[in-house]
Amino acid sequence: MAPAAVPTLRVLLMGGTRFIGVPLVPRLMAADHQVTLFTRGRQPIPQGVHHIEGDRRSDGALDQLSGRHFDVIIDSSGRTLVDSQRVIARTGAPSHRFLYISSAGIYANSHCWPLTEEAPTDPDSRHGGKAETEAWLRAEGIPFTSFRPTYIFGPGNYNPVESWFFDRICHNRPVPLPGDGQLITQLGHVEDLADALVRSLEHSVCVNRVYNCSGRQGVTMLGLVQAAARACGRDPGTVVTRSFNPSGLDPKARKAFPLRIAHFLVDVSALCRDLDWQPCFDLERGLRDSYRRDYSQRPQQQPDFSSDAGLFAD
């Protein structure tokens, strides 16, 4: 379906100076939208945007939004239903769309893969607040589009996803892998997510829909290590992996090991169809991009590998 012409929109972005916001703001501005950022002011503010400084957990800070109306609200930092409700209580519902960054982590365990948007959700998930927010937006009749990424990666990632593997590869440490390394996971590049968010504003078919958003393919955890090694300019054959027994660990815990110790794969065909969207970054290109533009530019320091020993304990 061809996208509709979208006039200049007044956009409020909750967050916007870290990770997802870095590629998102330029795309919004390139589409000629008027962008307001609500942030704590700890990072440089892009030129050409209006900035409101405050912590969204503070009522007084959020009161700065009172009486302001926006065509689009993008909530990239809300984790609970109350987080989003507190914003809308001050601005009113957006006239065009509420874009919400949810999580594929809301899905329940399954024996069938990949997961579609209709897959059962887990009420006990630590991302349960995001599922509640989606349900509330629908019940309130607020026009919304929600995106459920798997693992987001790319430059500026403050979560230990690709960097966890880069650390061990670049410091010649054995890379812990659960079992035989054949569990399948899935990563999606941050720029592809940003592109989908902006593109969705042009498509009315996306109203009141949720979409999985990630790369097109899954990868085994062993394959992820090998791809990460190539991104670092290393021969995968020289990288040592060491198996650990995951049976005593919570499969969804991400402490000593950064990924779910279970299959985690979603179907992104609905997003591709409705938005005429395709990821620009496959895993190999995305890891190279993250290593080149981010990890390799960081100050050299010794990572903390102390948690690895616990994985190998009997």
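Since we're looking at a predicted model, the values are computed, not measured. Per chain, the residues get numbers from 1 upward, laid out in the order the sequence is written. In keeping with the model being predicted, local features are shown solely for residues with a pLDDT of at least 70 and side-chain atom pairs are shown and tallied solely at 80 or more, while totals for entire chains, interfaces and linings include all residues. Each side-chain value is worked out from all heavy atoms of the structure, with water and hydrogens disregarded.

Give me the lowdown on the packing of aromatic side chains, citing residues and values where you can.
Only centres within 6.5 Å qualify two rings of Phe, Tyr or Trp (six-membered ring in Trp) as a pair; their planes then separate them into stacked at under 30 degrees, edge-to-face at over 60, and tilted for everything else. Under the definition given, this model contains 11 aromatic pairs. A ring pair is formed by Phe98 and Tyr100, whose centres lie 6.3 Å apart and whose planes are at 35°; its orientation type is tilted. Across the pair, Tyr100 and Phe98 agree in class, each one buried. Aromatic rings pair up to connect Trp164, Phe165, Phe244 and Phe257 into one cluster. Cation placement over rings: the criterion is NZ of Lys or CZ of Arg within 6 Å of the ring centroid and within 35° of the ring normal. Residue placement shows Arg242 over the ring face of Phe312; its charged tip is 4.0 Å from the ring centre. With a 1.4 Å probe rolled over the protein chains alone, any residue whose accessible area is under 20% of its type maximum counts as buried; one over 50% counts as exposed, and the rest are partly exposed.

Give me the sheet that holds strand 2 (residues 34-39): which residues, what numbers.
Pairing between strands is defined by DSSP: at least two bridges between them are needed. Starting at the N terminus, helices and strands are each numbered in turn, a helix being any DSSP run of H or I of at least four residues and a strand any DSSP run of E of at least two. Here seven strands make up an open sheet; going across it, the order is 3-2-1-4-5-6-11 and the pairing parallel. Since the sheet does not close on itself, it has two edges, and those belong to strand 3 (50-53) and strand 11 (209-213), each with one partner. Sheet twist, expressed as the average angle between the axes of neighbouring strands with direction ignored, equals 15°. One ladder, built from four bridges, connects strand 5 (residues 97-101) with strand 6 (residues 144-149); its direction is parallel. Bridge pairing links Tyr100 to Ser146 in strand 6. Here, residues are in contact when the closest pair of their heavy atoms is within 4.5 Å. As a rule, the C-alpha atoms of each element are fitted with a line to give its axis, helices using only the stretch in contact, and angles between N-to-C directions run from 0 to 180 degrees. Strands in contact with helix 3 (residues 81-91) are strand 1 (10-14), strand 4 (72-75) and strand 5; relative to strand 4, the strand with the most contacts, it is inclined by about 160°. The sheet strands contacting helix 4 (residues 128-140) are strand 5, strand 6 and strand 11, and the helix crosses strand 5 at an angle near 165°.

Tell me about helix 6 (residues 190-200), and name the residues and values.
For an α-helix, the turn length of 3.6 residues means that residues three or four places apart are oriented alike. With nine of its 11 residues buried, helix 6 lies for the most part within the structure. Where helix 6 is concerned, the buried positions are Val190, Glu191, Asp192, Leu193, Ala194, Ala196, Leu197, Val198 and Ser200.

Just give me the short version of the pattern of salt bridges, but keep the residues and values in it.
A pairing counts as a salt bridge when a side-chain nitrogen of Lys or Arg comes within 4 Å of a carboxyl oxygen of Asp or Glu. Taken as a whole and judged by the stated rule, the model has 17 salt bridges. Measuring nitrogen to oxygen at the nearest pair gives 3.7 Å for the salt bridge that ties Asp289 to Arg292. Here Asp289 and its partner Arg292 are both found in helix 9 (residues 283-293), three residues apart, which amounts to about one turn of the helix. A residue is classified by how much of its surface remains accessible, and Asp289, at 8% relative accessible area, is buried. Accessibility expressed as a relative area gives 52% for Arg292, which makes it exposed. Among the salt bridges present, the one from Arg293 reaches Asp289, with a minimum N-O distance of 2.7 Å. Pair noted here: Arg293 and Asp289 are both in helix 9, with a separation of four residues, about one helical turn. Through salt bridges with shared partners, one network takes in Arg27, Glu191, Asp289, Arg292 and Arg293.

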